[in-house]
Amino acid sequence: GDSVTQMEGPVTLSEEAFLTINCTYTATGYPSLFWYVQYPGEGLQLLLKATKADDKGSNKGFEATYRKETTSFHLEKGSVQVSDSAVYFCALSESRSNYQLIWGAGTKLIIKP
Amino acid sequence: DTAVSQTPKYLVTQMGNDKSIKCEQNLGHDTMYWYKQDSKKFLKIMFSYNNKELIINETVPNRFSPKSPDKAHLNLHINSLELGDSAVYFCASSHRTSITGELFFGEGSRLTVL
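What counts, and at which threshold
- Residues numbered from 1 in each chain as written.
- Chains lettered and ligands numbered in written order.
- Predicted model: local features only at pLDDT ≥ 70, side-chain atom pairs only at ≥ 80, totals over all residues.
- Heavy atoms only, no water.
- Helix = DSSP H or I, 4+ residues; strand = E, 2+ residues; numbered from the N terminus.
- Buried < 20%, exposed > 50% of the residue type's maximum accessible area, 1.4 Å probe, protein only.
- Contact = heavy atoms within 4.5 Å.
- Areas by Shrake-Rupley, 256 points an atom, 1.4 Å probe, with all protein chains shown as cover.
- Pairing = 2+ DSSP bridges.
- Axes fitted to C-alpha atoms, helices over the stretch in contact; angles between N-to-C directions.
- Phe/Tyr/Trp six-rings, centres within 6.5 Å; stacked < 30°, edge-to-face > 60°.
- Buried area = accessible area lost by both parts, 1.4 Å probe.
- Salt bridge = Lys/Arg side-chain N within 4 Å of Asp/Glu carboxyl O.
- Polar contact = N/O pair within 3.5 Å; in protein donor to acceptor, adjacent residues only side chain to side chain.
- Nonpolar A, V, L, I, M, F, W, Y, C, P; charged D, E, K, R; others polar.

A.B. asks: Tell me what's going on with the overall build of chain A, and back it up with residues and numbers.
C.D. replies: What chain A contains, in helices and strands, is zero helices and twelve strands. Projected onto the principal axes, the alpha-carbon positions of chain A cover approximately 45 × 30 × 20 Å. A burial count over chain A gives 47% of its 113 residues as buried. Across chain A, every contact between residues at least 6 apart in sequence was considered, and the portion connecting residues at least 24 apart equals 56%. Of the accessible surface of chain A, which amounts to about 5300 Å², a share of 47% is contributed by carbon and sulfur atoms.

Here it is in structure tokens:
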């Protein structure tokens, strides 16, 4: 079945460092891909998405490119801030599973000042 | 004017008790969900309702019973609480065939079973 694998956290970086959180997926069809973010004490919220190969999703300085050849959707940010400290979830959905979201395990990001 | 609201936010109770968590959304969505998030932040879907009809019922003990009185509300009742039920429970909502993949989450209800 479909699955999402994320790099294990926590990921600890200094402020202004470059961020990459890896995400790879397994899917039988052509999924849409998502990154959600969960700030401390809050629910999850959609950060960005891409619906087809080579699409790039972007929001709040974060980017991720849908790479079909490597089945990946890595999250990147050029210069992180303390306020980016959160848990990041990669997810996919496709029509074969009635668009139900398949979630990665989440990656905790800690940014130190 | 919170989009998805859950009550209570914190719940501490003894083993064996019965408790309920309520959820309401004012986004006009027709699908609502309950998720369980464990201490390692792993997210697991429990139930999904569309227009008051159950459409997803994952492998969850039958001590957990969802109830949707209308499409804006989805409550979760838990009987005979066990230590392993301690977690954060999230309610979420979306449009039925959410090709956009966007779920709107509540702030969570932290359940602690002693």
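Read on, since the account is not over.
A.B. asks: Would you mind going over unusual backbone geometry in detail, with residue names and values included?
C.D. replies: Glycine aside, a negative phi is what most residues show, and trans is what most peptide bonds show. Cis peptide bonds are those with omega within 30 degrees of zero, and the linkage from glycine 9 of chain A to proline 10 of chain A qualifies with 0 degrees. Relative to the elements of secondary structure, proline 10 of chain A occurs in the loop between β1 (3-6) and β2 (11-14). Along the chain, threonine 7 of chain B connects to proline 8 of chain B via a cis peptide bond; the corresponding omega equals -5 degrees. With respect to the helices, strands and loops of the structure, proline 8 of chain B is situated in the loop between β1 (4-7) and β2 (10-13). Phi is positive for lysine 60 of chain A, which is not a glycine, with a value near 55 degrees.

A.B. asks: I'd love a proper account of the environment of leucine 19 of chain A, names of residues and values included.
C.D. replies: Residue and element names in this part refer to chain A. Among the secondary structure elements, leucine 19 is positioned in strand β3 (residues 19-21). The spatial distance from the C-alpha of leucine 19 to the C-alpha of threonine 5 is 17 Å, given a sequence separation of 14 residues. Beyond its immediate chain neighbours, meaning those up to four positions away, leucine 19 contacts Val11, Leu13, Phe62, Leu75, Glu76, Lys77, Val80 and Leu109.

A.B. asks: Can you tell me about the environment of cysteine 23 of chain A, naming the residues and giving the values?
C.D. replies: Residues and elements named next belong to chain A. Residue position: cysteine 23 is located in strand β4 (residues 23-26). Given the relative accessible area of 1%, cysteine 23 is considered buried. Cysteine 23 sits 37 residues away from lysine 60 along the chain, and the two C-alpha atoms are 19 Å apart. If we skip the residues at most four places from it in the chain, cysteine 23 touches Val4, Thr5, Gln6, Trp35, Thr71, Ser72, Phe73, His74 and Cys90.

A.B. asks: So what's going on with the sheet that holds β3 of chain A? Which residues, and what values?
C.D. replies: Residue and element names in this part refer to chain A. Strand order in the open sheet formed by four strands is β3-β9-β8-β7, and the pairing between neighbours is antiparallel. In this open sheet, the two strands that pair with only one neighbour each are β3 and β7 (56-59). Strand-to-strand, the axes of this sheet are offset by a mean angle of 20 degrees, without reference to chain direction.

A.B. asks: Which residues make up the packing of aromatic side chains, and what values do they have?
C.D. replies: Where two aromatic rings form a pair, the distance of their centres and the angle of their planes describe that pair. Overall, the coordinates contain eleven aromatic pairs over all chains when judged by the stated rule. Seen in terms of ring centroids, tryptophan 103 of chain A and phenylalanine 105 of chain B are 6.1 Å apart; in terms of plane orientation they differ by 75 degrees. Their pairing is edge-to-face. Taken together, the residues tryptophan 103 of chain A in strand β11 (residues 102-103) and phenylalanine 105 of chain B in strand β10 (residues 104-105) connect one chain to another. Judged by relative accessible area, tryptophan 103 of chain A falls into the buried class, the value being 10%. Under the relative-accessibility criterion, phenylalanine 105 of chain B is labelled buried at 11%. Ring geometry for tyrosine 35 of chain B against phenylalanine 105 of chain B: centres 5.7 Å apart, planes inclined by 45 degrees, an arrangement best described as tilted. One end of the pair, tyrosine 35 of chain B, is in strand β4 (residues 31-37); the other, phenylalanine 105 of chain B, is in strand β10, with 70 residues separating them in the sequence.

A.B. asks: So what's going on with the interface of chain B and chain A? Residues and values would help.
C.D. replies: In this complex, chain B contributes 22 residues to the contact, which on the side of chain A involves 18 residues. Surface buried jointly by chain B and chain A totals about 1600 Å² across both partners, of which 56% is contributed by carbon and sulfur atoms. Summed over the shared surface of chain B and chain A, the number is zero salt bridges. The interface formed by chain B and chain A contains three residue pairs in polar contact (both at pLDDT 80 or more). Among the elements of the structure, β4 and β5 (43-50) of chain B are those that each provide at least two residues to the side of chain B that touches chain A. When residues in the side of chain B that touches chain A are grouped by element, the largest group, three residues, is from β4 of chain B. Each residue belonging to the side of chain B that touches chain A can be placed in one class, and the counts come to ten nonpolar, six polar and six charged.

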